[in-house]
Amino acid sequence: MDAGKYSIRSVCVEEARKKKAAGEYGEMIGMVDHLVKENNGRPLDYSGAKLLVEAHKAKYSTLRKKWLALPDVVEDDDGKKRREEIKSDMIGHCEGFINMLVKHAIPRADTSTGADASIVKVILLRSLGDFHRYVAELKAGCSVSEEEARRAYEQAQEIARNHLKPISKERLILALNFFALCKDELEANLIIKEAFYEAYEYKFNGKNGDVKIPDTLFSMWEKIKERDPDVKELSFTIHEYCSSCAPR
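Now for a description of the structure that goes with this document. (Residues numbered from 1 in each chain as written. Predicted model: local features only at pLDDT ≥ 70, side-chain atom pairs only at ≥ 80, totals over all residues. Heavy atoms only, no water.)

### Section: the overall build of the chain
Tallying secondary structure elements over the chain gives 10 helices and 0 strands in all. When each of the 248 residues of the chain is scored for burial, the buried share is 44%. Once local pairs closer than 6 in sequence are excluded, the contacts in the chain between residues at least 24 apart make up 67%. As presented, the chain carries roughly 13300 Å² of accessible surface, and 51% of it is formed by carbon and sulfur atoms. (Helix = DSSP H or I, 4+ residues; strand = E, 2+ residues; numbered from the N terminus. Buried < 20%, exposed > 50% of the residue type's maximum accessible area, 1.4 Å probe, protein only. Contact = heavy atoms within 4.5 Å. Areas by Shrake-Rupley, 256 points an atom, 1.4 Å probe, with all protein chains shown as cover.)

As structure tokens, this is what we get:
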């Protein structure tokens, strides 16, 4: 083991976290991208994968807020130009991150072993699906991007079903994001109901182990389980759970 390389990596990770706290996402992206590309054959771990995704999603979110702040209908040429520039930046950022995931991050995750390996793969494949979905939305239903998003979500779903607990935050977020892609209402509802009921049965069959879940959420799940639930309410409940528990 090359201790020097690992210590340098730790410093870079810490600096990237500082950039995140300061909202300096451009510099954060530069750091985490470099870590992934120049990882000297070391498998991508959980903290590295999370930082990578957080950096790129934060940058995309910043661009999206600027885009949404502009009126949908812009009369003047300068306004139209500005809106198109931001949209182009969003698409460019998405496509750049997709390339990073496909060429560097996901291949590194494929070499991972151990308890975190499946979580890392789910995070990265889910993110690949997310960014293809963003491109599809920006390009008004681009069928190629939609199919790529579906393929990535399905690959992540297969790994999650086989290796992650039903109550895993990463597995449930995957269900929510896949749900957002689906245009077929029956398919979308099935994804959410399956995720909710598997998590519910896991929890209330006493298999939750040391997972910390708020008592208020127990009550919410119990009430929904007593009747045929509304899918939007299920989605909200899963979202509340994912927002209030440890990131696993």
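### A closer look at helix α7 (residues 169-181)
With 13 residues, α7 should reach 18 Å at 1.5 Å per residue; the first-to-last C-alpha distance of 19 Å fits that figure. Burial within α7 is extensive, with 11 of its 13 residues counted as buried. Looking only at α7, the buried set comprises Lys 169, Glu 170, Arg 171, Leu 172, Ile 173, Leu 174, Ala 175, Leu 176, Asn 177, Phe 178 and Leu 181. (Expected span 1.5 Å × (residues − 1).)

### Concerning the environment of Gly 48
With respect to the helices and strands, Gly 48 occurs in helix α3 (residues 46-69). In this structure the C-alpha to C-alpha distance between Gly 48 and Leu 35, which are 13 residues apart in sequence, comes to 8.2 Å.

### Some thoughts on empty space enclosed by the protein
Scanning the model with the defined rule gives 2 cavities of 30 Å³ or more in all. As for the largest cavity, its lining consists of 13 residues, and the residues nearest its centre are Gln 157, Arg 171, Ala 175, Glu 194 and Ala 195. Contributions of two or more residues to the lining of the largest cavity are made by α6 (143-163), α7 and α8 (185-204). Take the lining of the largest cavity: its biggest share by element is 5 residues, from α8. Residues that form the lining of the largest cavity fall into these classes: 8 nonpolar, 1 polar and 4 charged. (1 Å grid on protein atoms, 1.4 Å probe; cavity = no way out; pocket = protein on both sides within 12 Å on 5 of 7 lines; lining within 4 Å. Points joined across faces, edges and corners; volume = space filled by probe spheres on them. Nonpolar A, V, L, I, M, F, W, Y, C, P; charged D, E, K, R; others polar.)

### What about the packing of aromatic side chains?
Evaluated as defined, the whole model comprises 6 aromatic pairs. Aromatic pair Tyr 60 and Phe 131: ring centres 6.0 Å apart, planes at 65°, arrangement edge-to-face. One end of the pair, Tyr 60, is in helix α3; the other, Phe 131, is in helix α5 (residues 117-138), and 71 residues separate them in sequence. Among the residues examined, Phe 131 registers a relative accessible area of 0% and is labelled buried. (Phe/Tyr/Trp six-rings, centres within 6.5 Å; stacked < 30°, edge-to-face > 60°.)

### Some remarks on the pattern of salt bridges
In the structure shown here, the tally under the stated rule is 14 salt bridges. One salt bridge connects Glu 194 with Arg 161, and the closest N-O pair in it is separated by 2.8 Å. Here Glu 194, found in helix α8, pairs with Arg 161, found in helix α6; they are 33 residues apart in sequence, far enough to count as distant. With a relative accessible area of 29%, Glu 194 lands in the partly exposed category. A relative accessible area of 43% means that Arg 161 is categorised as partly exposed. Note that Glu 198 and Arg 171 form a salt bridge whose closest N and O atoms lie 2.5 Å from each other. Placement of Glu 198 in helix α8 and of Arg 171 in helix α7 is noted, with a sequence separation of 27 residues between them. Of the residues examined, Arg 171 reaches a relative accessible area of 12% and is grouped as buried. Salt bridges sharing partners connect three or more residues here, namely Lys 57, Asp 130, Arg 133 and Glu 137. (Salt bridge = Lys/Arg side-chain N within 4 Å of Asp/Glu carboxyl O.)

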